[in-house]
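Examination of the molecular architecture
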Amino acid sequence: YDGWFLGTGYLEDVDYSYRVSRRYRLAVVADARVQHLTHPVPADRQFLVGRSQIINRVYLARKHTGLSVALCAWALLGTSSLNFGLSLLDRDRARLSRLRGNLAGVGSILRGRTDRLNGMFK
């Protein structure tokens, strides 16, 4: 477990799976079923989710040399666009707050301030 992922550990599962895949073959079990139970994220924590979406993904792309930072940036543009679109379509203030967190995360990265995030989404 990478100590970078404090609090909720947003994307720690992706980091772990990627590291395992570099040493071992992974298998897909098509008939497997899983129930992923999550608690809804309160509106006052959406900004933190948005920052985490940006900062933690960039951290992963920089950490693993097999990943592309440029493609990560492209994907984050899509994530931010989705948050923007859903905030307009659904008139969802929480999504707008998440988008503001995305923009704050981009600003942090551009300023070289990629401190790990510590917080819970619940």
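The structure contained in this document is the topic of the report that follows. (Residues numbered from 1 in each chain as written. Predicted model: local features only at pLDDT ≥ 70, side-chain atom pairs only at ≥ 80, totals over all residues. Heavy atoms only, no water.)

Here we take up a nonpolar patch on the surface. Side chains of Leu71, Trp74 and Leu77 sit close together on the surface and give an oily, nonpolar patch of about 400 Å² of accessible area. As for its position among the elements, Leu77 is in helix 3 (residues 69–89). (Patch = residues over 30% accessible without salt bridge, like charges linked within 9 Å, V, L, I, M, F, W, Y side chains within 5 Å. Areas by Shrake-Rupley, 256 points an atom, 1.4 Å probe, with all protein chains shown as cover. Salt bridge = Lys/Arg side-chain N within 4 Å of Asp/Glu carboxyl O. Helix = DSSP H or I, 4+ residues; strand = E, 2+ residues; numbered from the N terminus.)

Let us look at helix 4 (residues 93–110). An ideal rise of 1.5 Å per residue puts 26 Å on 18 residues; helix 4 measures up with 26 Å between its terminal C-alpha atoms. Inspection of helix 4 places Ala94, Ser97, Arg98, Leu99, Gly101, Asn102, Gly105, Gly107, Ser108 and Ile109 among the buried residues, and these make up the whole buried set. The elements touched by buried residues of helix 4 are helix 2 (46–63) and helix 3. Between the side-chain oxygen of the N-cap and the backbone nitrogen of Ala94 there are 2.9 Å, and the N-cap of helix 4 in question is Asp92. One or two positions beyond helix 4, positive phi appears at Gly112, with a value near 75°. (Expected span 1.5 Å × (residues − 1). Buried < 20%, exposed > 50% of the residue type's maximum accessible area, 1.4 Å probe, protein only. Contact = heavy atoms within 4.5 Å. Polar contact = N/O pair within 3.5 Å; in protein donor to acceptor, adjacent residues only side chain to side chain.)

Our next topic: the nonpolar core. In this structure, Phe5, Leu11, Ile55, Val58, Cys72, Leu76 and Ile109 are the most contacted members of the largest nonpolar core, which totals 14 residues. Contributing elements (two or more residues each) for this core: helix 2 and helix 3. If one sorts the elements of this core by residue count, helix 2 sits on top with 6 residues. The residues touching Cys72, leaving out its near neighbours within four places in the chain, are Arg57, Val58 and Ala61. (Core = buried A, V, L, I, M, F, W, Y, C linked by side-chain atoms within 4.5 Å.)

This part takes up helix 3. Helix length check: helix 3, at 21 residues, gives a terminal C-alpha distance of 30 Å against a target of 30 Å (1.5 Å per residue), a fit within 8%. All of the buried residues in helix 3 are Cys72, Leu76, Thr79, Ser80, Asn83 and Ser87. Projected down its long axis, helix 3 carries its buried residues within an arc of 95°, all on one side. Exposed residues pointing more than 90 degrees away from the buried face of helix 3 are listed as Ala70, Leu71, Trp74, Leu82, Leu88 and Leu89. Its buried side turned inward, helix 3 meets helix 2 and helix 4. Backbone nitrogen of Ala70 and a side-chain oxygen of the N-cap are separated by 3.3 Å at the start of helix 3; the cap is Ser68. (Arc of directions from axis to C-beta.)

Bringing the pattern of salt bridges into the picture now. Going through the model one piece at a time under the given rule, you end up with 3 salt bridges. The shortest N-O distance in the salt bridge between Lys63 and Asp15 comes to 2.9 Å. Of the two residues, Lys63 sits in helix 2 while Asp15 sits in helix 1 (residues 12–23), which places them 48 residues apart along the sequence.

The class of Leu77 is partly exposed, set by a relative accessible area of 47%. Leu77 sits 28 residues away from Val49 along the chain, and the two C-alpha atoms are 15 Å apart.

This paragraph deals with the environment of Gly66. Mapped onto the elements of the fold, Gly66 is located in the loop between helix 2 and helix 3. Judged by its relative accessible area of 61%, Gly66 falls in the exposed class. For the pair Gly66 and Arg22, spaced 44 residues apart in the sequence, the C-alpha separation amounts to 9.5 Å.

Right, let's get into the side chain of Thr79. Positionally, Thr79 belongs in helix 3. With near-sequence residues (within four places) excluded, Thr79 lies in contact with Gln53 and Asn102.

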